[in-house]
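Listed below, chain by chain, are the residues.
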Amino acid sequence: MSALAICLLAALAGWSSPADGWSQVVEAARRENQLVLYDGHGGAIPTIQFAAERFQRRYGIRVEVSVMRASEAVERVRIEQRAGRPVADLVTVGSTTAWQMKNLDRTLQPLGPLPSGRKVSAQIRLQMEAWGIGDVMLTEAVQLYGILVNTQLVPPQEEPRSWMDLLDPRWRGKLITDDPRAPGGGFVFFAATYKQLGRRYHEALAAQRPFLTRAIAEAANRVARGEFALMYPFALGLFPRVRDLPNVKVVIPREGAPYVFQGVSMPQTVRHPNAARLFAEFLLSEEVQKQLARDYLLPAVAGTLLQAPPEVRTLLRARLWDTTDPPRAEEQLKAAAEIYR
């Protein structure tokens, strides 16, 4: 699926008018006056904090954001729901995480119709329905993954041009990667390349002894400091953190970028359901969608991408190569654990 295709389909989807009764949701949200959000993107989407601040300013509703890995967010919600003591009103998720929370943990409830729900690209909505999670996850953006390169350690002629180039012996011990054995960007890369390149590719990549980390934001800094030559997969949402540094650059291999739909879901029982739905709606607002593009994320309402700076559009128009298969996630996580010990 190309970024251009998403743009065109989003444009065709059009902009819908507010749903009946939405003003009552807004008033109820103001009375709730609070929202607790678990940001399971691990800091890879800085726009979440931006949206929280703008939402609070517009509606006067306090937003408490806790940043964590997807696996931690899932575990916290599972414990809270089983104990009957909900804390999180919303949790940011990827498509695999949402599928697992709905079908395995049974800890999510439908978000219900949102006035701007049909702004989301028709192709994204169709895929979400095919996976059976369109009712419990609102997609606000698509995260693309490339490779972060330390240009002082990697001369231009040695930069990886293909995902296969990571198997070059010169990179042995010089790679850092998000841990593929748990939901997150590392697993998105694992699932996409396992499907495209096979198990042998990952057995050979594991033999390169990449350093596995679950601190993805810090991993980018470690590449900038020269501790590692390459970071893969590198979530483009992290690029604003390092783009001003003179010694790093992002490379998108010629096969294309692994990608994942990212959005929000609402746990089964919450204390502030109206504030949660209002925030989900706010993520589709023009100001948040524009900020997503500025933060190097492909907006779900893709018309705004056309207004992004040229350097952003160049990266976000990379070919979307492949993504996770949520119903097969448990099987693939098991394979990742077998290979990366």
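Data block above holds the structure.
Here the structure is a predicted model, which is why all the values come from computation and not from measurement.

J.: Go over the packing of helix α5 (residues 95-105) against helix α14 (residues 329-339) with me, naming the residues and quoting the values.
T.: Interaxial distance between α5 and α14 falls to 11 Å at its minimum, and their mutual angle equals 115°. Two secondary-structure elements touch here, α5 through T96, Q100 and L104 and α14 through A329, E330 and L333. Considered class by class, the residues forming the contact of α5 with α14 number 3 nonpolar, 2 polar and 1 charged.

J.: An account of the packing of helix α3 (residues 47-59) against helix α12 (residues 286-294) is requested, with residue identities and associated values reported.
T.: The geometry of α3 relative to α12 is characterised by a closest axis approach of 10 Å and an angle of 160° between their N-to-C directions. With respect to α12, the axis of α3 lies roughly antiparallel. For the pair α3 and α12, the sense of crossing is right-handed. Contacts from T47, F50, A51, R54 and R58 in α3 reach E287, V288, Q291 and L292 in α12. Classifying every residue of the contact of α3 with α12 gives 4 nonpolar, 2 polar and 3 charged.

J.: Outline the environment of P258, listing residues and values.
T.: Relative to the assigned elements, P258 resides in the loop between β9 (248-251) and β10 (259-267). For the pair P258 and R69, spaced 189 residues apart in the sequence, the C-alpha separation amounts to 19 Å. Non-local contacts of P258, meaning those with residues more than four positions away in its chain, are made with Q143, L144, Y145, W163, F189, A192, W321 and D322.

J.: Tell me about the packing of aromatic side chains, and please be specific about residues and values.
T.: The full count for this structure, using the stated rule, is 13 aromatic pairs. A ring pair is formed by F189 and Y232, whose centres lie 5.2 Å apart and whose planes are at 65°; its orientation type is edge-to-face. Of this pair, F189 sits in helix α7 (residues 185-197) while Y232 sits in strand β8 (residues 230-235); the two residues are 43 residues apart in sequence, bridging distant segments of the chain. Accessibility classification places F189 together with Y232 in one group, the buried group. The interplanar angle of 90° and the centroid separation of 6.4 Å between the aromatic rings of F234 and F239 together place this pair among those described as edge-to-face. Residue F239 is classed as buried on the basis of its relative accessible area of 11%. Each residue in the set F55, Y59, F279 and F282 is aromatic and connected to the rest through ring pairs, giving one cluster. In this arrangement the basic side chain of R76 is found over the ring face of Y38, its NZ or CZ atom lying 5.4 Å from the centre. Of note, R222 hangs over the ring of F211, and the distance from its end group to the ring centre comes to 4.9 Å.

Rules behind the numbers
Residues numbered from 1 in each chain as written. Predicted model: local features only at pLDDT ≥ 70, side-chain atom pairs only at ≥ 80, totals over all residues. Heavy atoms only, no water. Axes fitted to C-alpha atoms, helices over the stretch in contact; angles between N-to-C directions. Helix = DSSP H or I, 4+ residues; strand = E, 2+ residues; numbered from the N terminus. Contact = heavy atoms within 4.5 Å. Nonpolar A, V, L, I, M, F, W, Y, C, P; charged D, E, K, R; others polar. Parallel < 35°, antiparallel > 145°, perpendicular 65-115°, else oblique. Left-handed = near helix turned anticlockwise from the far one by under 90°. Phe/Tyr/Trp six-rings, centres within 6.5 Å; stacked < 30°, edge-to-face > 60°. Buried < 20%, exposed > 50% of the residue type's maximum accessible area, 1.4 Å probe, protein only. Lys NZ or Arg CZ within 6 Å of the ring centre and 35° of its normal.

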